[in-house]
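# Residue-level structure breakdown
Spelled out, the chains give:
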Amino acid sequence: MIDLDAMFPVMVTNDLEAVKQFYETVFGFTAVFYDSNFYLHLISPNNSIQLGFLLPNLVNQPEFLHPIMSTQGYVISLEVKDATLAYSEAKEMELNIAMALKHEEWGQIHFMIQDPAGIHVDVVQHLAPAAK
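Residues numbered from 1 in each chain as written. Predicted model: local features only at pLDDT ≥ 70, side-chain atom pairs only at ≥ 80, totals over all residues. Heavy atoms only, no water.

Further remarks concern helix H2 (residues 83-92). Here H2 has its buried residues at Ala 83, Ala 86, Tyr 87 and Ala 90. The buried residues of H2 occupy an angular sector of 100 degrees when projected down its axis, which confines them to one face. Contacts made by the buried residues of H2 are with strand S6 (97-104), strand S7 (108-114) and strand S8 (120-126). Note on H2: the residue one or two positions beyond its end, Glu 94, has a positive phi of about 55 degrees. (Buried < 20%, exposed > 50% of the residue type's maximum accessible area, 1.4 Å probe, protein only. Helix = DSSP H or I, 4+ residues; strand = E, 2+ residues; numbered from the N terminus. Arc of directions from axis to C-beta. Contact = heavy atoms within 4.5 Å.)

Pairing between the strands of a sheet comes from backbone hydrogen bonds, and it takes one of two forms, parallel or antiparallel. Read from one edge to the other, the open sheet built from four strands follows the order S5-S8-S7-S6, with strand pairing classed as mixed. The outermost strands of the open sheet, each flanked by one partner alone, are strand S5 (75-79) and S6. Neighbour to neighbour, the strand axes of the sheet diverge by 20 degrees on average, direction disregarded. Note that S7 and S8 share seven bridges and pair antiparallel. Considered in S8, the bridge of Ile 109 is made with Gln 125. Across the face of the sheet, helix H1 (residues 16-27) comes into contact with S5, S7 and S8 while running at roughly 145 degrees to S7. The sheet contacts of H2 involve S6, S7 and S8, and relative to S7 the element is tilted by about 20 degrees. (Pairing = 2+ DSSP bridges. Axes fitted to C-alpha atoms, helices over the stretch in contact; angles between N-to-C directions.)

A few words on the packing of aromatic side chains. Taken as a whole, this structure holds eight aromatic pairs when the rule is applied. Connected via pairs of aromatic rings, a cluster forms that spans Phe 22, Tyr 23, Phe 27, Phe 29 and Phe 53. Geometry around Tyr 34 places Lys 20 over its ring, the cationic atom sitting 5.5 Å from the centre. (Phe/Tyr/Trp six-rings, centres within 6.5 Å; stacked < 30°, edge-to-face > 60°. Lys NZ or Arg CZ within 6 Å of the ring centre and 35° of its normal.)

The strand order across the open sheet formed by four strands is S1-S4-S3-S2, and the pairing between neighbours is mixed. On the outer flanks of this sheet lie strand S1 (10-12) and strand S2 (30-35), each paired with one strand and no other. The sheet shows a mean angle of 15 degrees between the axes of neighbouring strands, direction not considered. Pairing of strand S3 (residues 39-43) with strand S4 (residues 50-54), which is carried by five bridges, proceeds in the antiparallel orientation. Residue pairing in the sheet places Leu 40 in a bridge with Phe 53 of S4. Of the strands in this sheet, S2, S3 and S4 are in contact with H1, which crosses S2 at around 175 degrees.

To continue, consider the environment of His 103. As for its placement among the helices and strands, His 103 is situated in strand S6. Residue classification places His 103 among the exposed positions, given a relative accessible area of 56%. In this structure, the C-alpha to C-alpha distance between His 103 and Gln 125, residues 22 residues apart in sequence, is 9.6 Å. Ignoring anything within four residues of it in the chain, the contact list for His 103 reads Gln 108 and Ile 109.

What follows is about the nonpolar core. Judged by nonpolar contacts, the single largest core of 27 residues is most densely connected at Tyr 23, Leu 51, Phe 53, Ile 76, Phe 111 and Ile 113. The leading source of residues in this core is H1, at five residues. Those residues in contact with Tyr 23 that lie beyond four places of it in its chain are Gly 28, Phe 29, Leu 42, Leu 51, Phe 53, Ile 76, Asp 115 and Val 121. (Core = buried A, V, L, I, M, F, W, Y, C linked by side-chain atoms within 4.5 Å.)

Structure follows, in structure tokens:
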């Protein structure tokens, strides 16, 4: 068995600075590594979530990492304690809201925003499922 310490996606995008500013401002992430010519690594305030972003077409990377990733069918889910409050804050910050606040019968309240790289971020609060 391979023993794991952490998991994080690495997404290929054109504008590391815009992505850095977005996640720092909106969610309080900190850049623990940032080289504007290569890579950005972010960590959440409680150190439980990590995100990586890589520039496209880098000669030192394997060819499959050269293209910008397709954002269709891809979402980052970030869990919050109060999705209704987070939605209010997202509207106040005039974020790009891709899906309005929604109550799901399976026990979620969530909404989606889109980051500067075009990646959808699902901001979700988990509840007890509704009784049937």
